[in-house]
Amino acid sequence: MGSQLSRSHAAQSPREEGDLLLVVEVQVNGEAGREDDCVTFESVKTKWVKVLLAAQGLIARCLDTALDLRTAVKFYLQGDRWWAFFTIVFVLVSPAVQFTYMASKYGPQIALPYIIPFSIKHIIQELRFVRFLKMLPEAAFRASLHESFGASSLNKVLAGIECGFESFPQAVIQSRAFYVKGGDWLNVASIAFSCAGVVYGVYMGVTALLKTRTAYKEYDFMVDQALDFSSGRAASFAQMDLMEPATQKALLWFLEGDELISQLDLAKATFNDDFVRTWSSSASITPK
């Protein structure tokens, strides 16, 4: 992100600076009142439920792919070359579609890692996001900060692609093979994972793809500025309190390693100068 970061204390409409969209009506150094940081049992439970759900989805897709590969090998060893061929083909189709989607958003150079078989690039992204969720304090979850990253929507879109272009055809092929040839409990597990992935993953991916968000605007007559969440390009912290040290640490860790974010909505956000300076220097963004 080689753009420039500007700051203002006066109201202004969204504007483009290079490739980085900033909405910069801010309250700095505690000008806005902070909410009580008292951590309740319910908020702790909510945080770990979110973390476990994110990890569970990742683990389920990894198991699904592993079972598909195991099924392909079994088909091959039994002499069913065509069953094995199609099972492997659909494992490889999903990364190709992910590459096509990312190339349409960013070009082939950035999209290239997404074509690696078994959706390894996507898995790495999801592992990184799970770690980010673990770093966030409970107060950030109460403010839904974890949903303010385009990375979350992008992960859902890529998961939907995996489920639609891998899990669905695998479920069809393996169900037919099981009907004709029979199989063991692992075949049943593979079919079950594929079917569950189709229902949940495709719904989640399509919902994330179709959902639109716009930058914060103070007045209704201002022109809407679209934020591209489905490609992981945007992050929106409008009207959020970013003063919590643990929140800042998690945000800095995530933003420093993210190569996609180029739209950042900070309208009426509360943060301090040190946070801006640290992020600006690490992200090669020069304040002015």
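Structural data are supplied above this passage.
Structure report, in brief. (Residues numbered from 1 in each chain as written. Predicted model: local features only at pLDDT ≥ 70, side-chain atom pairs only at ≥ 80, totals over all residues. Heavy atoms only, no water.)

### Regarding the pattern of salt bridges
Pairing is possible between side chains that carry opposite charge, provided their charged atoms lie close to one another.
Right, on to step 1. Inspection of every chain in the model, using the stated rule, returns two salt bridges.
Right, on to step 2. Residue Glu 259 pairs with Lys 121 through a salt bridge whose shortest N-O separation is 3.8 Å. Pair noted here: Glu 259 is in the loop between helix H8 (245–256) and strand S8 (263–265) and Lys 121 is in helix H4 (residues 120–135), with a separation of 138 residues, a long-range link.
Right, on to step 3. Since its relative accessible area comes to 48%, Glu 259 is described here as partly exposed.
Right, on to step 4. One salt bridge connects Asp 228 with Arg 233, and the closest N-O pair in it is separated by 3.5 Å. (Salt bridge = Lys/Arg side-chain N within 4 Å of Asp/Glu carboxyl O. Helix = DSSP H or I, 4+ residues; strand = E, 2+ residues; numbered from the N terminus. Buried < 20%, exposed > 50% of the residue type's maximum accessible area, 1.4 Å probe, protein only.)

### A closer look at the nonpolar core
Side chains that are nonpolar tend, in soluble globular proteins, to be buried together.
Right, on to step 1. Counting 28 residues, the largest nonpolar core has Phe 132, Leu 145, Phe 149, Phe 237, Leu 242 and Leu 251 as the members making the most contacts within it.
Right, on to step 2. Within the residue set of this core, elements represented by two or more residues are H4, helix H5 (138–142), H8 and helix H9 (273–282). (Core = buried A, V, L, I, M, F, W, Y, C linked by side-chain atoms within 4.5 Å.)

### Things to note about H4
Owing to its 3.6 residues per turn, the α-helix aligns residues three or four sequence positions apart on the same side.
Right, on to step 1. The end-to-end C-alpha separation of H4 is 23 Å, in line with the 22 Å expected for 16 residues at 1.5 Å each.
Right, on to step 2. Among the residues of H4, His 122, Gln 125, Glu 126, Phe 129, Val 130, Phe 132 and Leu 133 are the ones counted as buried. Taken down its axis, H4 places every buried residue within 155 degrees of arc, on the same side. (Expected span 1.5 Å × (residues − 1). Arc of directions from axis to C-beta.)

### Quick notes on the packing of helix H6 (residues 150–181) against helix H7 (residues 185–210)
Right, on to step 1. Remark: H6 packs on H7, axes separated minimally by 6 Å, with the N-to-C direction vectors making an angle of 145 degrees. The two elements H6 and H7 meet at a crossing, and its hand is left-handed.
Right, on to step 2. Partitioned by chemical class, the residues of the contact of H6 with H7 number 14 nonpolar, 13 polar and one charged. (Axes fitted to C-alpha atoms, helices over the stretch in contact; angles between N-to-C directions. Left-handed = near helix turned anticlockwise from the far one by under 90°. Nonpolar A, V, L, I, M, F, W, Y, C, P; charged D, E, K, R; others polar.)

### Some remarks on the packing of aromatic side chains
Right, on to step 1. One pass over the structure, following the stated rule, counts 10 aromatic pairs.
Right, on to step 2. Relative to Trp 83, the ring of Phe 75 lies with its centre 6.1 Å away and its plane at 35 degrees, an arrangement referred to as tilted.
Right, on to step 3. Residue classification places Phe 75 among the buried positions, given a relative accessible area of 6%.
Right, on to step 4. Trp 83 sits in the partly exposed class, given a relative accessible area of 24%.
Right, on to step 5. With 6.0 Å between their ring centres and 80 degrees between their planes, Phe 129 and Phe 254 make a pair best called edge-to-face. Note that Phe 129 is positioned in helix H4 and Phe 254 in helix H8, a separation of 125 residues in sequence. Taken as a pair, Phe 129 and Phe 254 share a single burial class, namely buried.
Right, on to step 6. Note that Arg 81 overlies the ring of Tyr 76, its terminal NZ or CZ placed 4.4 Å from the centroid.
Right, on to step 7. Between the NZ or CZ atom of Arg 128 and the centre of the ring of Phe 254, over which it lies, the distance is 4.4 Å. (Phe/Tyr/Trp six-rings, centres within 6.5 Å; stacked < 30°, edge-to-face > 60°. Lys NZ or Arg CZ within 6 Å of the ring centre and 35° of its normal.)

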